[in-house]
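Spelled out, the chains give:
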Amino acid sequence: MIDKKDILKCLMDDKPRLFAFAWSLIRDPHSSEDVFQDMIIKALSSENHFESTLHLKNWSRTVIRNQCFDLIKKNKRKTHLSNDLIDKIEQDLDSRDMTHEETSHVHLSDCLNELTEQTREIIKLRYFNNLQALKVAEILDKKPDAIYKTLQRAYQTLKVCLQKKSLLANYD
Amino acid sequence: MTESKQDEEKFLELLIKYHDDSISEHELDTLKTYLSSSANYIAKFNDFSLLTTNLIHCMSETPRVETAGPTKVIKYESYVLLKLIALAAFIALSLYSASIIISLEQQTESHHQAATYSSKINFLNKDVEWEFGEELITEYHETKNGWYKLLKGEIQLTFSSGAVVNIKGPSLFAIVSPMESYLEYGEVSVYAPESARNFTVKVPTMDIVDLGTKFSIHIDPKDGESNVEVTEGLVDVHFKTSKAKESLFAGAIAKVDSRGDLLSLNNPTAPPELFSHWPFDFYEQNFTPDVSLHQFKAHIVGNTDALMTLGKSGQAFNLNDDQYLDLSQYLNVLPKNNFTLATWVKNPTNMIFSMSDGSKNNRLQFERYQNRLLYGWQKESFFDSVSAFVTWEEDKWHHVAFSLSGGRVSLFMDGKKCAHNVSLGRLNTQILGPSDFNVLDRAYIGILKKGTPSENFKDSIQKLKGQIDDVQIYKSALNEEQIRHLYENPGQVLN
């Protein structure tokens, strides 16, 4: 049996994986945070049911997945992935070594500085402010395609930059 | 499927659209085909999710405690709170949590390491109860930097900067440095003498900077709502989500919800502080005097032959041709955060006041725009503005003003508010003021210069082309009552 403190530590350590999993299913950072936090509350209120960290990990993934599906249904989204693909995505995430996540966060901040101010603005509006590319295009008076292209180039630049900073473990 | 560069690019494009929720069903089918074809694409899919979630985290502010502190487990209630706070605050908290959750063994080890002390306990009342481990904390002893969870009772800390902080349980707080503490929930009150000016209490939704005063903050552990009350002096509140700043004066009470949105604000007005006053009653050698104590005389540029005209109060300037007033030499001393400009105009065509770097990319402007009164700004990529529809009567003097404070702007026409305390422009971007720029090198009355005139850039210069009288600039954001006083008493100033 694992206690509250260990439950919390285990889930917080697993957060990058779980958040990315939720984000890739529901594609909304705010809802992803909600899903993650709801899961933690459930976990802490039912701690006696976890016999091991493995049990907790499996449970957390199932809860996140079900909550994401509920949200997808609630929002009547037609575009979602099949269960088979979601299984594969989950397996791949679980197979990753996430020990360098915190370092990658620091390096990513450095890499962001290598982008132009406008690209950073686009990234901020798209991912941090959670605006759709169409809205970003409207705000910046650009065509949506130009925003998609900029995001594509920015992603590639960041990836190369992170690789240069020897963070291949997470991003390659 | 063989992975060509083209495939990779196509896959990335689809991924971006998928996460943007703008992918078509047909495109989704293609994405699924890629994902089903190889584990490599699954890995790339996750690379993308991880990097973009990291980006979201990177772009939020992350408060840090310099020295790892003790080591409390945030309990269930804290996570109920977590559920209710906004994304930015949560990201900050979750990063904290990683450092908070340290095992008992690690805690024991930390006792052997050099601890950092920024404060000592002045008193603890008798019913003080800690979450755990703080039995070592006694009166008159120094307290290590780090996290503390006070379950009940009250304590008083004196920071080495001189700041005195009272904390009432239940509270979860951190001592960060001699000039900084962090409150997750609970109640603290702060007295900061001159030596502790800029002492900061950070909370999940905002940073509260004490400018030599007394204030208190209470954060409800259940719903995350914060209540800030200023007893004496002045504090600056920097909101993390909106990046706006609000100056709170003695007697102010601000309520902020768990997402960082201002629910209510009762903020007594700052006393008006006159920066300059140009009555335009006369000029000498291309300069017109500032009759305030500062005596910042304004430089008249252009033909002065027909400059003087009958004004709303005494004489006025006729800027119908190429004339304008250059205030650029005072840029360094012009108000930055709290700013009001009030003036009288007759038959204005366009620009009343502007600040810029000479290009269109960095500028602030206050103008008549067709049938509107408009305050606009541009920093790099795009122009945004706040405006109000008003009635411009021909050959009539109109009193116009804008006031800026805490990332908000108000517009006034003939003594009445026409846009009040607006925090976002029409494109939903934050209001910018002089403090948001460090490249502005010119300030003008009656003109905006935003580039070199050319065939393709005909509006590179925008002029007032009208008459102007009695320009007053204040280092505070005047309220409607004060503006009305100026409207009803032409030529007078507020003191």
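Residues numbered from 1 in each chain as written. Chains lettered and ligands numbered in written order. Predicted model: local features only at pLDDT ≥ 70, side-chain atom pairs only at ≥ 80, totals over all residues. Heavy atoms only, no water.

Asker: Whenever I open this one, unusual backbone geometry confuses me. Can you help?
Answerer: With glycine set apart, most residues show a phi of negative sign, and most peptide bonds adopt trans. Residue and element names in this part refer to chain B. Cis peptide bonds are those with omega within 30 degrees of zero, and the linkage from G169 to P170 qualifies with 0°. Looking at where P170 falls in the secondary structure, it is placed in strand β6 (residues 164-177). Notably, D414 is not glycine yet its phi reads approximately 50°, a positive angle. By secondary structure assignment, the location of D414 is in the loop between β28 (408-413) and β29 (416-422). Since its relative accessible area comes to 16%, D414 is described here as buried. (Helix = DSSP H or I, 4+ residues; strand = E, 2+ residues; numbered from the N terminus. Buried < 20%, exposed > 50% of the residue type's maximum accessible area, 1.4 Å probe, protein only.)

Asker: How should the pairing of strand β14 (residues 253-256) of chain B be read in this particular structure?
Answerer: Looking along a regular strand, one sees side chains alternate from face to face of the sheet. Residues and elements named next belong to chain B. Only one face of β14 is buried: it carries A254 and V256, and the other face, with I253 and K255, is open. In the sheet, strand β11 (residues 226-232) pairs with β14 via 4 bridges, with the strands oriented antiparallel. Looking across to β14, one finds that N227 is bridged to K255. Note that β14 and strand β15 (residues 262-266) share 4 bridges and pair antiparallel. Looking across to β15, one finds that A254 is bridged to L265. Here β14 folds back onto β15 in antiparallel fashion, the turn holding 5 residues, of which G260 has a positive phi close to 95°. (Pairing = 2+ DSSP bridges.)

Asker: Please explain the confidence of the model for chain A as it appears in this structure.
Answerer: In regions of low pLDDT, the predicted coordinates are not meant to be interpreted in detail. Here chain A shows a mean pLDDT of 82. Residues at 70 or above account for 88%. Across residues 167-172 of chain A, confidence stays below pLDDT 50; counting only partners more than four residues off in sequence or on other chains, it has 25 contacts. (pLDDT = per-residue confidence, 0-100. Contact = heavy atoms within 4.5 Å.)

Asker: Got a minute to help me understand the pairing of strand β27 (residues 397-405) of chain B in this structure?
Answerer: Residue and element names in this part refer to chain B. Within β27, 9 of the 9 residues are buried, which leaves the element mostly enclosed by the surrounding structure. Residues W397, H399, A401, S403 and S405 point to one face of β27 and H398, V400, F402 and L404 to the other, with burial holding for every one of them. Bridge count for β27 against β28 is 6 bridges, and the pairing is antiparallel. The residue bridging S403 from the neighbouring strand is S410, located in β28.

Asker: What's the story with the packing of helix α7 (residues 117-128) of chain A against helix α9 (residues 144-164) of chain A in this structure? I'm lost.
Answerer: Helix-helix packing is described using two parameters, namely the angle between the two axes and the distance between the axes. Residues and elements named next belong to chain A. Running from amino to carboxyl end, α7 crosses α9 at an angle of 105°, the nearest separation of the two axes being 10 Å. With respect to each other, α7 and α9 are oriented roughly perpendicular. Residue-level contacts link T119, I122, I123, R126 and Y127 of α7 to I147, T150, L151, A154 and L158 of α9. Of the residues that constitute the contact of α7 with α9, the class distribution is 7 nonpolar, 2 polar and 1 charged. (Axes fitted to C-alpha atoms, helices over the stretch in contact; angles between N-to-C directions. Parallel < 35°, antiparallel > 145°, perpendicular 65-115°, else oblique. Nonpolar A, V, L, I, M, F, W, Y, C, P; charged D, E, K, R; others polar.)

Asker: What am I meant to see in the state of the cysteines here?
Answerer: As used in these notes, a disulfide is a covalent bond between sulfur atoms, one from each of two cysteines. All names here are of chain A. Per the counting criterion, the structure on display carries 1 disulfide over all chains. Covalent S-S linkage joins C111 and C161, the inter-sulfur distance amounting to 2.0 Å. Looking along the S-S bond of the C111-C161 disulfide, the torsion reads about -85°, which is the left-handed sense. With C111 in helix α6 (residues 101-112) and C161 in helix α9, the pair connects residues that are 50 residues apart, well separated along the chain. Given a relative accessible area of 5%, C161 falls into the buried group. (Disulfide = S-S within 2.5 Å.)

Asker: I would appreciate a short explanation of the pattern of salt bridges in the present structure.
Answerer: Pairing between side chains of opposite charge can happen when the charged atoms of each approach one another. In total, this model carries 27 salt bridges over all chains according to the counting rule given. Ionic pairing is found between R65 of chain A and D87 of chain A, a salt bridge with its closest N-O pair at 2.6 Å. Placement of the pair is R65 of chain A in helix α4 (residues 53-74) and D87 of chain A in helix α5 (residues 83-94), with a sequence separation of 22 residues. Put simply, K17 of chain B and E13 of chain B hold a salt bridge, and the shortest N to O gap is 3.5 Å. A residue pair is termed a helical-turn pair when its members lie 3 or 4 positions apart in one helix, as K17 of chain B and E13 of chain B do in helix α1 (residues 5-20) at 4 residues. (Salt bridge = Lys/Arg side-chain N within 4 Å of Asp/Glu carboxyl O.)

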